[in-house]
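Structural features, examined
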Amino acid sequence: MRKPIFIPKVYKSILDVIETEKAIKKIKDHFERGLADALNLTRISAPLMLRAGQGINDDLNGVERMVTFDAIDISNSPIEIVQSLAKWKRVALARYGFTIGEGIYTDMNAIRRDEELDNLHSIYVDQWDWEKVITMKQRNVRTLKKEVHKIYQALKNTENYLYKLFPSLVPILPEEIYFITTQELENRFPELTPKQREDRIAKEFGAVFIMQIGERLDSGEKHDGRSPDYDDWSLNGDILLWYPILERAVEVSSMGIRVDEKSLLKQLKLANAEHRMTLDFHQSVLNKELPLTIGGGIGQSRLCMFLLKKAHIGEVQVSVWNDHIIKECKKGNITLL
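Quick summary incoming for the structure in this document. For clarity, every value in this text was computed on a predicted model and none was experimentally measured.

The rules behind each value
- Residues numbered from 1 in each chain as written.
- Predicted model: local features only at pLDDT ≥ 70, side-chain atom pairs only at ≥ 80, totals over all residues.
- Heavy atoms only, no water.
- Helix = DSSP H or I, 4+ residues; strand = E, 2+ residues; numbered from the N terminus.
- Buried < 20%, exposed > 50% of the residue type's maximum accessible area, 1.4 Å probe, protein only.
- Contact = heavy atoms within 4.5 Å.
- Axes fitted to C-alpha atoms, helices over the stretch in contact; angles between N-to-C directions.
- Left-handed = near helix turned anticlockwise from the far one by under 90°.
- Nonpolar A, V, L, I, M, F, W, Y, C, P; charged D, E, K, R; others polar.
- Phe/Tyr/Trp six-rings, centres within 6.5 Å; stacked < 30°, edge-to-face > 60°.
- Lys NZ or Arg CZ within 6 Å of the ring centre and 35° of its normal.
- Arc of directions from axis to C-beta.
- Pairing = 2+ DSSP bridges.
- Polar contact = N/O pair within 3.5 Å; in protein donor to acceptor, adjacent residues only side chain to side chain.

Observations regarding the overall build of the protein
Within the protein, the secondary structure is distributed over nine helices and 11 strands. Expressed as lengths along the three principal axes of its C-alpha atoms, the size of the protein is roughly 55 × 50 × 40 Å. The buried share of the protein, reckoned over its 337 residues, is 54%. Across the protein, every contact between residues at least 6 apart in sequence was considered, and the portion connecting residues at least 24 apart equals 73%.

Thoughts on the packing of helix α1 (residues 17–39) against helix α8 (residues 300–307)
With their axes 10 Å apart at the nearest point, α1 and α8 run at an angle of 115° to one another. Handedness of the crossing formed by α1 with α8: right-handed. Residues Ile 24, Ile 27, Lys 28 and Phe 31 of α1 form the contact with α8, whose participating residues are Gln 300, Leu 303, Cys 304 and Leu 307. For the contact of α1 with α8, the residue count by class is six nonpolar, one polar and one charged.

A short note on the packing of aromatic side chains
By the definition in use, this model includes four aromatic pairs. When the centroid spacing of 3.7 Å and the interplanar angle of 5° are considered together, the rings of Tyr 178 and Phe 205 count as stacked. Taken together, the positions of Tyr 178 in strand β7 (residues 178–181) and Phe 205 in helix α5 (residues 194–205) put the pair 27 residues apart, joining distant regions of the chain. For the ring pair Tyr 243 and Phe 306, a centre distance of 5.3 Å and an interplane angle of 35° mean the geometry is tilted. Placement of the pair is Tyr 243 in strand β9 (residues 231–243) and Phe 306 in helix α8, with a sequence separation of 63 residues. As far as the burial class goes, Tyr 243 and Phe 306 line up, both buried. One residue, Lys 145, lies across the ring of Phe 179, its end atom 5.2 Å from the ring centre.

Details of the packing of α1 against helix α3 (residues 141–165)
At a closest axis distance of 9 Å, the pairing of α1 and α3 adopts a crossing angle of 145°. The hand of the α1/α3 crossing is right-handed. Between α1 and α3, the residues in contact are Ala 23, Lys 26, Ile 27, His 30, Phe 31, Gly 34, Leu 35, Ala 38 and Leu 39 and Glu 147, Lys 150, Ile 151, Ala 154, Leu 155, Asn 157, Thr 158, Tyr 161, Leu 162 and Leu 165, respectively. Across the contact of α1 with α3, the residue classes break down as 12 nonpolar, four polar and three charged.

A short note on helix α6 (residues 261–270)
Buried within α6 are the following residues: Glu 261, Ser 263, Leu 264, Gln 267 and Leu 268. Seen from one end, α6 has its buried residues packed into an arc of 160°, which puts them on one side. Across from the buried face of α6, at angles greater than 90 degrees, the exposed residues are Lys 262 and Lys 269. Its buried side turned inward, α6 meets β9 and α7 (280–286). Backbone geometry just after α6 places Asn 272 at a positive phi near 55°.

Things to note about the environment of Arg 302
For Arg 302, the location among the structural elements is in helix α8. Assessed through its relative accessible area of 15%, Arg 302 is described here as buried. Setting aside residues no more than four positions away along its own chain, Arg 302 makes contact with Leu 120, His 121, Val 250, Glu 251, Val 252 and Ile 313.

Considering the sheet that holds strand β3 (residues 68–71)
Pairing within the open sheet is antiparallel, and its three strands lie in the order β2-β4-β3. Single-partner strands in this sheet number two, and they are β2 (49–51) and β3. Each strand of the sheet is rotated relative to its neighbour by a mean of 35°, with strand direction disregarded. With three bridges connecting them, β3 and strand β4 (residues 74–81) associate as antiparallel partners. Residue pairing across strands places Phe 69 opposite Ile 79, the latter belonging to β4.

Concerning the side chain of Gln 267
Topologically, Gln 267 is positioned in helix α6. Side-chain polar atoms of Gln 267 contact the backbone oxygen of Asp 231, separated by 2.9 Å. Apart from residues no more than four positions distant in its own chain, Gln 267 is found in contact with Pro 228, Asp 231, Asp 232, Trp 233 and Val 259.

Structural notes on the sheet that holds strand β8 (residues 207–211)
Pairing is mixed across the open sheet formed by eight strands, whose spatial order is β1-β5-β6-β11-β10-β9-β8-β7. A strand with exactly one partner marks an edge of an open sheet, and here the two such strands are β1 (41–43) and β7. For this sheet, the mean angle separating the axes of adjacent strands, direction not counted, is 25°. One ladder, built from three bridges, connects β1 with strand β5 (residues 103–111); its direction is parallel. The residue of β5 that forms the bridge with Thr 42 is Ile 104. Against the sheet, α5 contacts β7, β8, β9 and β10 (248–258), and its axis sits at roughly 140° relative to β8.

Here it is, written out as structure tokens:
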């Protein structure tokens, strides 16, 4: 069933198309610098495609079909377009010799063919993917929250920077981000669906970090799906911002402390995915050949959409849309790039 497009009752973009393009560049440059400085990250190059069968490409929720193709001069395996770089970054940290406290970030571009299109979702995904080496003692909630605070401050700094350039873009982010687990959220709003809970808590606090995504809750349901082989489900979460224009929460980042050998085995079993243990990446984790890390992705178009107060992600990125979306956006005074 096609997801509906939300059209604000009265909508007019604050910036025109050319101003928007200029502002996108300003946002990306400023936030990228702030993120790198705050988390001690070095920018590296990233792949658009990976060899299939190594377990390095992101499985997302485990059901999405990857875009695959063959190449005339590479005959031994299919090639996959990346879905994200959650596992690739950890391999890169080991390969390039980064040490504790150091990290990397990169521009990740992906194609997600099974994405259901709406105001926030496109088959083209662009995000800052980052990853940093930590110690075993740092694999705890305190470390997770510390990095979230740094990212959130970089978000606020970028919002304030943009306000100085374009005074019509008035800041709306609260001073602090609120932390809550998925179980605490279910206990608080048992009558609501997970997405309704996210909207309710985000509207109440303005900015929230919802922790512990992947395992089943006391109700027997999952808050959301999460691949079992990159985040530790007890040490991960999503940054959500309340977005008045769409009257809903917007997820701008998914992140977490990554699996060690124990949490990987546990989560593969819970996900009925123990067959993955033979893949190259999973063997590297089980044999302790990869560093312990924390990392995540931060949506570039999502962030630009939020800060520029746009009604549709197609106003800040060029993608392919179905006829229904094109028609509805035109009716709603929404200009797709």
